[in-house]
Every structure is written in structure tokens, then in C-alpha cells.
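What follows is the residue order along each chain.
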Amino acid sequence: MIFRKQLYIVLGTFIILFYSCRSTGKNEVVFETATMNELTDLIDHIQAVRLEHGDSIFIGRNPFIFQRDSSFYLFDKSAQKKIYRFTLDGRFMNTIGKVGTGPGEYPDINQVIIDEKEDDVLMLSYSSYLYRYAKNGQFKERINKTDIQIQSFIRIDSVLWLHALNVNSDTIYILKSNLRLEVSDTLKLVQPGTKDSAVHRPYSLPLYFRFIDHKVCFAVSPYPQINEIDENRVQEKIRFRFVPEEYASKRDLETIGLRELFDFKKLQFLVDFYENEDYLFVYFQCGGHKTGGNLILAVQEKSTGKWRWLDEKVSVPDFNQYHWYTGRICGMGKDGGLMCYIPTPQPLEAYKAVKQLIVNPELFSSVDEEMDMYIFMCYLKPPYLLGQK
């Protein structure tokens, strides 16, 4: 992931922003304790979708889910490294992409964009190849950017925002390019230092880009902060501060090496964030060697700015079993519902945990607990109902 000298010749404009970890206070959100008991406190009702399964369909436990046009797209990054496409009622349509060395194949895939405006699926490999497929799975082209190492990307009209990391420094680059990966501008972020930058660097990878209020945003672990790209500059949007003593503070990150810190403090990894018309969801995985692990969901009511917190204690072995917890959230649907993936085994346990919320319980009258996979479309209560509690 080293930037070559040719990159600096190609770039038209450098926009340099020195990124500070100091918070002005106006964007700071403070976590003290949980204010919700369960994820279901937010949910009004659930529409369950059973996915068709077969010998050729192997989906891991934590896929990324996209709801685009009239389809679900499940991107299995860990197991088969391909996209599975289903209708909205769960019928299997086709796969997109294949691991291999032949034409239209790839060694690995890091991220996916489902393009609604065109009949395109864009897949980014770790080696900075961009693969373009039709939604029916037909391969179209491969584009390579040999002088940079791209980690993630997002598309706005004819512009791609790219993230790349220079491993020789604690520097993250946000690049602006066209759809051919031809870079025009660079935003340079100098990351806040830690006591041991060599340890710090592997943790310092940005999250996938997301939209908040129609602006491109991203986060960088282990700093619990969301940044916004606004008119070709990067600025802090939200900084989270965890008050309880067991969580690592900003000062801890600056003065203690991460490996040492992980032994006696909890690091707060901002894993993902989603929004709909009413809410912003921010999801953290927190943990340390001696402090144990927990999942935290921060939920902002957009109309009032009020934040609600869910804190779920989950032991390490339990992460590999089914529980009705925040970690099942895999995306946000087009109509604003949280999409939760329920894999085998034990789909009946998932049903029983939220039985009173499921509007189509007949789907569970016959269950294959070895093969069945479900998407739970979780539709949320309006904020005024939450305010009554």
C-alpha cells in the first residue's frame, strides 16, 4: 500500500487537511449507560423472508445485504466471496462473480457497490482491481489502478471517492476519481498519533463509506468518530466519548500502545452506521482481553437529536451462535427497515425470540433448521412512540 511517485505527478489538485483528534465539543456525543433493554424496543413489526437454498448456495454467517431495485443482494465476503441475488420474496435469481484466475474471475473481493442507475455491480479487490458485472452476473470489464492501493470506495453520479492507506506513515488518503479510477483530487488526513504507531497502523483502516444526510461519511478505527466529506474537504461530523472507566479514552490511545491497552481496557471499534428518514444508527464492537466484549448500538432520533443506547454483553463463544442481538444487522432496506440476517442453525429460535413482532408467522410452520436462511425486515417505531416510554 505504498504510493508511488507517479501518483503525485498525475494528481491535479492537492487539498490537504490536517486531521485532529481534538473535539470542539459541539459534535461530541457521550455514552454513559444503556437506555434501552433490547433491540426489539425499537421495532414495530418484522417481515420475515425465507431465502431459497440449494446445493450451489453457500452463504456465511455475516454477509453484507443490499436491497436495490427489486432484489436482495447478499455479499458473502468470508466464505464464497461472491454475490447472491434473490427476489424480495426470497427466490434465488443468480450469482455475481467468481473466485479464480480466468477471464472475469478475481482472487478476492473487498467491497461491492450495487448501482441502481445502471445495470452494474462494481466489485473492488484488495489488489485495487475494479470489476464490473451486469446484475444478471455477466462480466463486463476489469479496471486496474496500479499506482495506489484502494481499500474502499463509494459512487456519487460519475464520481468515485476512494480510500487508500500509506503504510509507511499514519496517513490516510481520500481520493476523488472518475469511473475509470483516474484520480483528480486528494484529501490527506494526518491521523492522531499513538504511543506505538507500528501497532496502531493495522487497526487504522477506515470503515466503508456511507451516506448521512446525503453527504459521504466514513470512520476510522479505533477512534469512535464519523467524518464527513463536504465540498472536497474532510471535517468531523460526530465524535463519541465513552465515559465508563473500562473504555479506552482519547488520552489512553495517545499514550499507551494498542496491544498493551487491549489487555486492560475496552477499545471501541465503530463497525458500521446506517440511516433512514427518522434515525441514525451507529454500531460499535467493544472489547479487551480481560474486560470481555459487548455490542453497542447508538440511535439518534433525527427530529430531536436525542440519542438512545443499547449495550449488549456477549461472550466470545456466543458470537458464533444465534442470539437476537445487534450484530445481526447487515444493512438498511430501501424503505427504512433494518435488515437482519438469520442463518442456520436454529432459525426457530430466532422466530421464538421475536414471535410477537413477526407479521407472517405462517412462514415458520415448516422449517428446515439445517438449511433455512432468513432476512428479517425490521420496521421501526416512529420516534414519537419511543418518546412515550
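Look above for the structure.
The present account deals with the structure reproduced in this document. (Residues numbered from 1 in each chain as written. Predicted model: local features only at pLDDT ≥ 70, side-chain atom pairs only at ≥ 80, totals over all residues. Heavy atoms only, no water.)

What follows deals with the overall build of the protein chain. From N to C terminus, the protein chain includes six helices and 26 strands. Residues counted as buried form 53% of the 389 residues belonging to the protein chain. Partitioning the intrachain contacts of the protein chain with sequence separation of at least 6 by distance along the chain shows that 54% fall at a separation of at least 24. For the protein chain, the exposed area adds up to about 17500 Å²; of that, 48% sits on carbon and sulfur atoms. (Helix = DSSP H or I, 4+ residues; strand = E, 2+ residues; numbered from the N terminus. Buried < 20%, exposed > 50% of the residue type's maximum accessible area, 1.4 Å probe, protein only. Contact = heavy atoms within 4.5 Å. Areas by Shrake-Rupley, 256 points an atom, 1.4 Å probe, with all protein chains shown as cover.)

Soluble globular proteins: nonpolar side chains tend toward being buried together. Counting residues in each nonpolar core, the largest one holds 32 residues, and the members touching the most others are L42, I46, F281, L297, I358, F364 and F376. Of all the secondary structure elements, the ones that give two or more residues to this core are strand 3 (43-51), strand 21 (279-288), strand 22 (292-301), strand 24 (329-332), strand 25 (338-342), helix 5 (347-353) and strand 26 (373-380). The greatest single-element share of this core, amounting to four residues, is contributed by strand 26. Residues F240, Y247, L280 and A298 belong to the second largest nonpolar core, which totals 20 residues. (Core = buried A, V, L, I, M, F, W, Y, C linked by side-chain atoms within 4.5 Å.)

With that settled, the discussion passes to the pattern of salt bridges. Tallied over the full model, the rule gives 20 salt bridges. R132 serves as the salt-bridge partner of D120, at 2.8 Å between the closest nitrogen and oxygen. Here R132 lies in strand 10 (residues 129-133) and D120 lies in strand 9 (residues 120-124), a separation of twelve residues in the sequence. On the basis of relative accessibility, which here comes to 9%, the residue R132 falls in the buried class. One salt bridge connects D213 with K237, and the closest N-O pair in it is separated by 4.0 Å. (Salt bridge = Lys/Arg side-chain N within 4 Å of Asp/Glu carboxyl O.)

With respect to the element layout, Y374 can be found in strand 26. On the accessibility criterion, Y374 (0% relative accessible area) is buried. Considering only alpha carbons, one finds Y374 and V49, 325 residues apart in sequence, at a separation of 5.4 Å. Discounting chain neighbours no more than four positions away, the residues touching Y374 are V49, R50, C340, Y341, I342, P347, L363, F364 and V367. Among the polar contacts listed, one links the side chain of Y374 to the side chain of D372, at a separation of 3.1 Å. (Polar contact = N/O pair within 3.5 Å; in protein donor to acceptor, adjacent residues only side chain to side chain.)

Let's shift gears to the layout of surface pockets. There is about 1200 Å³ of room inside the largest pocket. For the largest pocket, the lining is made up of 37 residues, of which R68, E116, I154, R210 and F211 are closest to its centre. Secondary structure elements with two or more residues in the lining of the largest pocket: strand 4 (64-68), strand 8 (111-115), strand 12 (150-156), strand 16 (210-212), strand 20 (267-275) and strand 24. Residues belonging to the lining of the largest pocket are distributed by class as follows: 17 nonpolar, eight polar and twelve charged. (1 Å grid on protein atoms, 1.4 Å probe; cavity = no way out; pocket = protein on both sides within 12 Å on 5 of 7 lines; lining within 4 Å. Points joined across faces, edges and corners; volume = space filled by probe spheres on them. Nonpolar A, V, L, I, M, F, W, Y, C, P; charged D, E, K, R; others polar.)

Looking now at the pairing of strand 25. The element strand 25 is extensively covered by neighbouring structure, given that five of its five residues are classed as buried. Neither face of strand 25 is open: one carries L338, C340 and I342, the other M339 and Y341, and all of them are buried. Counting the residues in the hairpin turn of strand 24 and strand 25 gives five residues, including G336, whose phi is positive at 95°. For strand 25 and strand 26, the ladder comprises five bridges, and the chain directions are antiparallel. Pairing of I342 across the sheet is with Y374, part of strand 26. (Pairing = 2+ DSSP bridges.)

Glancing now at empty space enclosed by the protein. Taken as a whole, this structure holds one cavity of 30 Å³ or more when the rule is applied. Space inside the largest cavity adds up to approximately 30 Å³. Class assignment for the residues of the lining of the largest cavity results in five nonpolar, no polar and no charged.

All we've got here are geometric facts, nothing functional implied.
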